[in-house]
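# Understanding the architecture of this molecule
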Amino acid sequence: MFEPNRTPVVVRATDPILHNGVCMTLRSRDDVWLVDGEAADPTMVALLVTDRLDEAMTQLLSALHHQGFTRIVLIAGEVDDNEILSAIEHGVCAVARRSEAGADVLVRLIKAAAAGEGALPPDLLGRLLHRVSRLQRQVLQPRGLHFGGMSSRETEVLKLVASGFSTQEIADQLCYSQRTVKSILHDVTNRFQLRNRSHAVAYALREGLI
């Protein structure tokens, strides 16, 4: 039985020396609870330690992802932008370099992951945000798309639905046919598995799309 004021965490590493070193560091802290690998479940934080995101670590990440782990902290000796993107796709929510990962940093990242939050080194975050901005500017915008997966005309229609306009009024305002408006709403509700236009508006508002 875990103590409520201690965050359970399972440590995984491709190198036993790295594994033992991190475990020894965490055992000195009374705010985390080291869990044996066999007793771990996907609701816990998984702390991965590696020199690089090599094939072995990628396989371990993939295995955890398929097991349902979503609170994964990665401590790596070296990381580059592409490796970070790959790690995030496999469920990693917090990253730190080994050279910067003392006991306080490890505990902070573990608790952040347990709370559903994320963390990246500032320099990596800055470069990733730059790449995201460039992708939005050079790839998505010319095609009328946004990161949320909705086109400009889809968000326009949903904004008018949110304002209480009828299908006919939306069609008149946007110079579309009623059939086009209905088709746009149908596409949105199907793509995002939403129940109806009200659900579509609620989803778009929650995701910051409108």
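Residues numbered from 1 in each chain as written. Predicted model: local features only at pLDDT ≥ 70, side-chain atom pairs only at ≥ 80, totals over all residues. Heavy atoms only, no water.

- As recorded by an unreviewed UniProt entry, the protein chain carries the name Response regulator transcription factor and is attributed to Amycolatopsis coloradensis.

## Description of the overall build of the protein chain
- In terms of regular secondary structure, the protein chain is built from nine helices and five strands.
- The burial tally for the protein chain puts 38% of its 210 residues in the buried class.
- Sequence separation of at least 24 residues holds for 63% of the intrachain contacts in the protein chain that already meet a minimum separation of 6.
- By element, 51% of the accessible surface of the protein chain is carried by carbon and sulfur atoms, the whole surface being about 11,900 Å². (Helix = DSSP H or I, 4+ residues; strand = E, 2+ residues; numbered from the N terminus. Buried < 20%, exposed > 50% of the residue type's maximum accessible area, 1.4 Å probe, protein only. Contact = heavy atoms within 4.5 Å. Areas by Shrake-Rupley, 256 points an atom, 1.4 Å probe, with all protein chains shown as cover.)

## Concerning the packing of aromatic side chains
- Using the criterion set out here, one finds zero aromatic pairs in the structure.
- Positioned over the ring face of Tyr176 is Arg153, at 5.9 Å from the centre of the ring. (Phe/Tyr/Trp six-rings, centres within 6.5 Å; stacked < 30°, edge-to-face > 60°. Lys NZ or Arg CZ within 6 Å of the ring centre and 35° of its normal.)

## With respect to helix 8 (residues 178–191)
- Taking 1.5 Å as the rise per residue, helix 8 with 14 residues should run 20 Å; its terminal C-alpha atoms sit 20 Å apart, in good agreement.
- Within helix 8, the full set of buried residues consists of Val181, Ile184, Leu185, Val188 and Thr189. Along the axis of helix 8, the buried positions cluster into a sector of 125°, meaning they face one direction only.
- The inward-facing, buried residues of helix 8 contact helix 6 (152–162), helix 7 (167–174) and helix 9 (197–206).
- Immediately downstream of helix 8, the backbone of Gln193 shows phi near 55°, a positive value. (Expected span 1.5 Å × (residues − 1). Arc of directions from axis to C-beta.)

## Quick word on the pattern of salt bridges
- Applying the stated criterion across every chain yields a total of six salt bridges.
- When the shortest N-O distance is used, the salt bridge between Asp31 and Arg29 registers 3.2 Å.
- Judged by relative accessible area, which is 16%, Asp31 ranks as buried.
- One salt bridge in this structure joins Glu154 and Arg191, with 2.5 Å as the shortest N-O distance. Of this pair, Glu154 sits in helix 6 while Arg191 sits in helix 8, and the two are 37 residues apart along the sequence.
- On the accessibility criterion, Arg191 (40% relative accessible area) is partly exposed.
- Several salt bridges share partner residues, and in doing so they unite Arg29, Asp31 and Asp104 into one network. (Salt bridge = Lys/Arg side-chain N within 4 Å of Asp/Glu carboxyl O.)

## Focus on the confidence of the model for the protein chain
- The predicted model of the protein chain has a mean per-residue pLDDT of 82, with 86% of residues at 70 or higher.
- The spread of mean pLDDT over the elements of the protein chain runs between helix 5 (residues 122–140), the lowest at 63, and strand 3 (residues 45–50), the highest at 93. (pLDDT = per-residue confidence, 0-100.)

## Details of the packing of helix 7 against helix 8
- The geometry of helix 7 relative to helix 8 is characterised by a closest axis approach of 8 Å and an angle of 105° between their N-to-C directions. Here helix 7 lies roughly perpendicular to helix 8, going by the angle between them. Within the contact between the two elements, helix 7 uses Thr167, Gln168, Ile170 and Ala171 and helix 8 uses Gln178, Val181 and Lys182. (Axes fitted to C-alpha atoms, helices over the stretch in contact; angles between N-to-C directions. Parallel < 35°, antiparallel > 145°, perpendicular 65-115°, else oblique.)

## Section: the nonpolar core
- If you look at the biggest cluster of nonpolar residues, it comprises 21 residues, and the most contacted ones within it are Leu26, Leu47, Val73 and Ile75.
- For this core, the elements supplying multiple residues, two or more each, are strand 1 (7–13), helix 1 (16–27), strand 3, strand 4 (72–76), strand 5 (92–97) and helix 4 (103–114).
- It is helix 4 that contributes the most residues to this core, six residues altogether.
- Beyond its immediate stretch of four places on either side in the chain, Leu47 contacts Val9, Val10, Val11, Arg12, Val22, Leu26, Val73, Ile75, Leu106 and Ile110. (Core = buried A, V, L, I, M, F, W, Y, C linked by side-chain atoms within 4.5 Å.)

## A word on the pairing of strand 5
- The buried fraction of strand 5 is high, at five of six residues.
- Here five bridges tie strand 4 to strand 5, and the two strands are oriented parallel to one another. For Leu74, the partnering residue across the bridge sits in strand 5 and is Val95.
- For the segment spanning strand 4, helix 3 (residues 81–89) and strand 5, crossover handedness is right-handed. (Pairing = 2+ DSSP bridges. Right-handed = clockwise from strand over helix to strand, strands pointing away.)

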